[in-house]
Amino acid sequence: MVLPAATGAPPRPDITLRFSHVVAEETPKGLAANRFKVLVEQRSGGRIGVQVYPNAQLYGDDDEMQALQMGAVDLVAPSLSKFGRIGLPEFEMFGLPFLFDDLSAVRRITLGPLGQKLMQGLPRQGLVGLGFFDNGFKQMSANRPLLEPKDFAGLRMRVQASFVIAAQMRALGAKPVTLAFSETRRALAAGVVDGTENPVSNFWTQNMHEVQSDLSLTEHGYLGYAVVTNQRFWQHLQPDDRAMINQALQESLAFANTIADAQNDQALQALRQAGTTRIHSLSTGQRARLRQAVEPVQQQLASRIAPRWMSDLKQALRKA
Ligand code: LMR
């Protein structure tokens, strides 16, 4: 029952879902979270509210998962590369450099049995995985072009809290520096780090173009997300509410996947128009040499996770 508000303001919801994330609203994840809010509040007639906390306003990389496990928030959507830090290193397969040629290859995992197997590990951490969705492919940035492995020599490169991405930077001759996403723009401006990697939508919406003179369109790795909720919270919802919330979320993730490419393309267009940052394309040979330099990373991940994960991954990626 929605309680009538005394002041004529909209009625207060019976429950409010708290959705925390670390990126700007004008990104695939930000737009998905906002779409989810609209759908849940519309379909519940206001009985269920959604409060979105973008830009790490409430919790950031270093505490959002713990906050979820403690029930301080109800939904987060971290990068898949960040699940290693909560004891699920198999999720780091998504961050392997040059693993996916395109998003259809990603779908062979996220929409197939391997994606389901990955999600089955979350209850061990008191969490429930509700769905995968995209941002896109990452590009390298610094204050020099990054076209060949030698260009990375000695650079301090900000990375997500990820074994695979740190190994990727070391294989390129750079020094990985793990920082929260919300700290990255400040660290680049202060010279604490020299460069980083992002899909262009994150690079642009965090204004990294103001402190990075060169963006190299390496397309070297995938950035995607999983929406996770707290298991106790999810199990205590009324079954009809849970079904409606899940349906609204699935529709929001499908929406995000349809606009993610466009979001990254629009950000690249805006970056070109801003003229602050030189944008470099790579030759086939340059990309091949980067791919060759990071080949050891796959074996390094394989030594950290059960062998079946890598065999399942190879199986999933074989073209149907
Ligand atoms: C990053 O930390 O670079 C990304 O995972 C941020 C995000 O959530 O897209």
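All figures in this text were calculated on a predicted structure; none of them were measured in a lab.

**Focus: helix α10 (residues 284–293)**
Listing the buried residues of α10 in full gives Q286, L290 and A293. Taken end-on, α10 shows its buried residues confined to a sector of 65°, consistent with a single buried face. When the buried face of α10 is taken as reference, the exposed residues oriented beyond 90 degrees from it are T284 and Q292. Contacts made by the buried residues of α10 are with α5 (163–171), β8 (214–230), β9 (278–281) and α11 (296–302).

**Quick look at the layout of surface pockets**
Of the volumes computed, that of the largest pocket is approximately 330 Å³. The wall of the largest pocket is formed by 17 residues, among which F98, L99, R291, Q298 and L317 lie closest to the centre. Of all the elements in the fold, those that place two or more residues in the lining of the largest pocket are α3 (103–110), α11 and α12 (307–317). The biggest single contributor to the lining of the largest pocket is α12, with three residues.

**A look at the site of the ligand**
Taken together, V22, V23, K29, D61, S79, K82, R158, Q160, F181, N202, L223 and Y225 make up the full set of residues near the ligand. Here R158 contributes a side-chain N or O atom positioned 2.8 Å from an oxygen atom of the ligand. For the ligand, whose free accessible area comes to 270 Å², the fraction covered by protein is 99%. Its atoms largely coinciding with the cavity grid, the ligand occupies the largest cavity. Its residues assigned to classes, the shell around the ligand comprises five nonpolar, three polar and four charged.

**What to know about the pairing of strand β4 (residues 127–142)**
Every other side chain in a regular strand lies on the same face of the sheet, so the side chains alternate between the two faces. The buried fraction of β4 is high, at 15 of 16 residues. Pairing between β4 and β8: 13 bridges, direction antiparallel. Paired with D134 across the bridge in β8 is G224. With three bridges connecting them, β4 and strand β7 (residues 196–198) associate as antiparallel partners.

**A look at the side chain of N230**
Position of N230 among the secondary structure elements: in strand β8. Within polar-contact distance, the side chain of N230 engages the backbone nitrogen of R232 at 2.9 Å. A polar contact of 3.0 Å, which involves the side chain of N230, links it to the backbone nitrogen of F233. Not counting residues within four places of it along the chain, the set of residues in contact with N230 comprises L68, Q69, M70, G71, D74, G126 and L127.

**Examining empty space enclosed by the protein**
The rolling of a water-molecule-sized probe over the atoms marks out the regions of remaining empty space. In this structure the tally under the stated criterion is two cavities of 30 Å³ or more. Here the largest cavity is characterised by a volume of approximately 120 Å³. Residue lining of the largest cavity: 15 residues in total, with K82, Q160, F181, N202 and L223 positioned closest to the centre. Taken together, the elements giving at least two residues each to the lining of the largest cavity come down to β7 and β8. A breakdown of the residues in the lining of the largest cavity according to their chemical character gives six nonpolar, four polar and five charged. Looking at the second largest cavity, its volume works out to about 50 Å³. As for the second largest cavity, its lining consists of P97, F98, M140, F152, Q168, L172, T218, H220, L290 and V294. Residues that form the lining of the second largest cavity fall into these classes: seven nonpolar, three polar and no charged.

**Let's talk about α5**
When α5 is considered as a whole, its buried residues turn out to be V164, I165, A166, A167, Q168 and M169. Next to the buried residues of α5 lie β4, β5 (156–159), β6 (175–178), β7, β8 and α11. The N-terminus of α5 is capped by S162, whose side-chain oxygen sits 3.3 Å from the backbone nitrogen of V164. Following α5 by one or two positions, G173 has its phi on the positive side, about 90°.

Rules of the game
Sequence order as written defines the numbering, with residues in each chain counted from 1. For this predicted model, a pLDDT threshold of at least 70 governs which residues receive local features, and a threshold of 80 or more governs which side-chain atom pairs are given and counted, while totals over whole chains, interfaces and linings are taken from all residues. Hydrogens and water molecules were not included; the side-chain quantities draw on all heavy atoms of the structure. Under the scheme applied here, a residue whose accessible area is under 20% of the maximum for its type counts as buried, over 50% as exposed, and between as partly exposed, the area being computed with a 1.4 Å probe on protein chains only. Each helix corresponds to a stretch of at least 4 residues labelled H or I by DSSP, and each strand to a stretch of at least 2 residues labelled E; elements are numbered beginning at the N terminus. In this context, the arc is that of the directions from the helix axis out to the C-beta atoms. Residues are treated as being in contact if the distance between any of their heavy atoms lies within 4.5 Å. Buriedness of a pocket was judged along seven lines, with at least five required to meet protein on both sides within 12 Å; pockets are open sets of points on a 1 Å grid over the protein atoms alone, cavities are sets where a 1.4 Å probe fits but cannot get out, and lining residues have an atom within 4 Å of a point. Grid points are joined across faces, edges and corners, and a volume is the space filled by probe spheres set on the points. In these notes, residues near a molecule or strand are those with any non-hydrogen atom within 4 Å of it. Throughout this description, a polar contact denotes any pair of N or O atoms lying within 3.5 Å of each other; where both atoms belong to protein, one of them has to be capable of donating a hydrogen while the other can accept it, and for residues adjacent in sequence the pair is counted only when both atoms sit in side chains. Only the protein chains shown count as cover for residues, and the accessible areas themselves come from Shrake-Rupley with a 1.4 Å probe. Pocket or cavity membership: a molecule qualifies when more than half of its atoms sit within 2 Å of the grid points of that site. Put simply, Ala, Val, Leu, Ile, Met, Phe, Trp, Tyr, Cys and Pro go in the nonpolar bin, Asp, Glu, Lys and Arg in the charged bin, and everything else, Gly too, in the polar bin. A pair of strands is treated as paired once DSSP finds two or more bridges between them.

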